[in-house]
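# Reading the structure
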Amino acid sequence: MAKKVFKCAVVGCSSMAKLHMRGIADNENAELYAICGTDEENLKIRAEEFGVERVYTDYNYLVNDPELDAVVLVTPDQIHREMTEKFLKAGKAVLCEKPMALTVEDCEAMIACEREVGGKLMIGQICRANPRFAKMKEIIDSGRIGELMFVESEYAHNYERTSGFEDWRKVPERHPFIGGGCHAVDLLRWLAGDPIEVTAYSNKKYLKDWPVDDNTVAIFKFPNEVIGKVFVSIGCKRDYTMRTCVYGTKGTLIVESKAPYVQLYETNEELGCRFSDVNPQMIYAGYKDHNASKEIKDFIDALSDGKPMPVSSLDGANTVAVCCAAVESAKNGAPVKIGYLA
Ligand SMILES: NC(=O)c1ccc[n+]([C@@H]2O[C@H](COP(=O)([O-])OP(=O)(O)OC[C@H]3O[C@@H](n4cnc5c(N)ncnc54)[C@H](O)[C@@H]3O)[C@@H](O)[C@H]2O)c1
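The rules behind these values
- Residues numbered from 1 in each chain as written.
- Predicted model: local features only at pLDDT ≥ 70, side-chain atom pairs only at ≥ 80, totals over all residues.
- Helix = DSSP H or I, 4+ residues; strand = E, 2+ residues; numbered from the N terminus.
- Buried ≥ 20, exposed ≤ 12 C-beta atoms within 10 Å, placed from the backbone.
- Contact = placed C-beta atoms within 7 Å.
- Pairing = 2+ DSSP bridges.
- Axes fitted to C-alpha atoms, helices over the stretch in contact; angles between N-to-C directions.
- Expected span 1.5 Å × (residues − 1).
- Domains from an automatic or database assignment.
- Nonpolar A, V, L, I, M, F, W, Y, C, P; charged D, E, K, R; others polar.
- Near = placed C-beta within 6 Å.

### Some words on the overall build of the protein chain
What the protein chain contains, in helices and strands, is 10 helices and 15 strands. If one aligns the C-alpha atoms of the protein chain with their principal axes, the spans along those axes are about 65 × 50 × 40 Å. For the protein chain, with 342 residues in total, the buried portion stands at 44%. Expressed as a percentage of contacts within the protein chain between residues at least 6 apart in sequence, the contacts between residues at least 24 apart total 70%.

### Topic: the sheet that holds strand E7 (residues 148-156)
The nine strands are arranged E14-E13-E12-E11-E7-E10-E9-E8-E15 in an open sheet whose pairing can be described as mixed. With partners counted over all chains shown, the strands left at the sheet margins are strand E14 (281-284) and strand E15 (336-337), one partner each. Contacts from helix H10 (residues 313-330) reach strand E8 (197-203), strand E9 (215-221) and E15 within the one sheet, and its direction differs from that of E8 by about 60°.

### Focus on helix H9 (residues 292-305)
Spanning 14 residues, H9 covers 20 Å between terminal C-alpha atoms, matching the ideal 20 Å at 1.5 Å per step. Three or more residues of H9 are buried, namely Ala292, Glu295, Ile296, Lys297, Phe299, Ile300 and Leu303. Buried positions along H9 lie against strand E1 (6-11), helix H1 (15-25), strand E2 (30-36), strand E4 (70-73), strand E5 (93-97) and strand E6 (121-124). A positive phi of about 60° marks Gly306, the residue just after H9.

### Digging into the domain arrangement of the protein chain
Here the domain parsing of the protein chain yields domain 1 (6-125 + 291-311) and domain 2 (128-288 + 321-337). Here the C-alpha centroids of domain 1 and domain 2 sit 27 Å apart. Taken residue by residue, the interface counts 15 residues in domain 1 and 17 residues in domain 2. No other element matches H9, which puts three residues into the side of domain 1 that touches domain 2. Taken together, the residues of the side of domain 1 that touches domain 2 break down into five nonpolar, four polar and six charged.

### Considering the environment of Cys8
Within the element layout of this structure, Cys8 appears in strand E1. Separated by 61 residues in sequence, Cys8 and Asp69 place their C-alpha atoms 6.0 Å apart. Residues contacting Cys8, with those up to four places away along its chain left out, are Ile24, Ala30, Glu31, Leu32, Tyr33, Asp69, Ala70, Val71 and Val72.

### Focus on the site of the ligand
Taken together, 26 residues lie near the ligand, and Ser14, Gly37, Glu97, Gly164 and Phe165 sit nearest. Looking at the shell around the ligand residue by residue, the classes come out as 12 nonpolar, 10 polar and four charged. For the shell around the ligand, the two domains that each supply at least three residues are domain 1 (6-125 + 291-311) and domain 2 (128-288 + 321-337).

So, in C-alpha cells, the structure goes:
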C-alpha cells in the first residue's frame, strides 16, 4: 500500500528554515504544503525557490488549516512554546527547533500539552543526525574504545553579525549556553548519558554589548565516574566549530571542525601507548553539520510508522534542564545537582 504523503509547513524562512524546506521537498512521503514568516523579503525568496503557493505572515492560518498534517518550527526560541502548544492543540505533529524552550517550566508545559492532546512533538537536536557524531556513537556503543573516561564538546561561534531577525538572540533570557550550547550538551548526553552535577564559569570578553556573558566553560560529572566538559562561546575569533573528543580506556575519538572524518586512536599491541608514533585511523563519515534532511526523514518515518519521535520532547526538555543548571552554576561557580523530568 502506498504510504501517506504528509502535508507539511515550515514556519520561519531563514537559511536554516531553507534546509528544512529542502528536506521536505525531497522527501517522497512529505509535501511542502505551505510556508510562513514575518520577514516578507525572505518569505518571498523561499516561496519562489520552492514554488510554494500557500505563503503566510500569520501562522494562525496554518493552525486553522484542516488539510495540514505537520509543521516545522524554525522560529525564535522564545516563541517555541506558544507556537508548539497551538499547533499540538490543533492536531498537527510538530518538529520544533532546538532548544525546545529557554526554561524548564516552558518545556514542562509543552510536554503536558503533548500528553493531554495525545500529540507528536519532536525536538530538532540536529547533532544526532550528523553522520560523524552518529559514527562516534556507533564506535562507543560497540565497546571498541573501552570504558569512557572523559568526553568534551564545544559550540564555538561568532554572533557579531548573527543576532537573528529583530535581534531575538540578543536578550537576557536567551543565554548562549542554552541557545547554542544545547547542541554540545545534547550530544554528550547522547554519547555518555545524563550528567549528575555541573560546575561552570563564564565571562564576557568579546560581545561587550551583549546582555549576558558570551563565554562559558562547564565541567560535568557523568555516570560511571566519567568526566565531561562543554565550552560555549558566541564571540570567539575562529571558524564555527563543534570539535568533540571522547577518551576511552582503549582508544580515543576526535571529530575536528569541518573534517568529514572521525579520528580513531586505538591501543596498539606492538607500539603500546606511544601514540606520538601512531597516526589515527581516519573513518570517513561525511561532512553534514546541519543535516536537516535526515532530521525530516526521521520525523516523517516516525509519523508514517506510528513510532515514537526519534528525539522526544522529554529528551529535548532534559537537555534544556542540563543547560539551565550550568547557567545557574556560572552565576557563582558553585556546583549544581541536575534534576531531570520523567
Ligand atoms: N539546528 C541548528 O543547527 C540551528 C541553526 C540555526 C538556528 N536554529 C534554531 O532555529 C530557530 C530559528 O533560528 P534562525 O537562525 O532561523 O533565526 P532567524 O532570526 O534567522 O529567523 C527567524 C525566523 O522566524 C520568523 N518569525 C519570527 N516570529 C515569527 C512569528 N510570530 N510568526 C511567524 N514567523 C516568525 C522570522 O520571520 C524569521 O524567518 C531558533 O530556534 C534557532 O535556535 C537551529
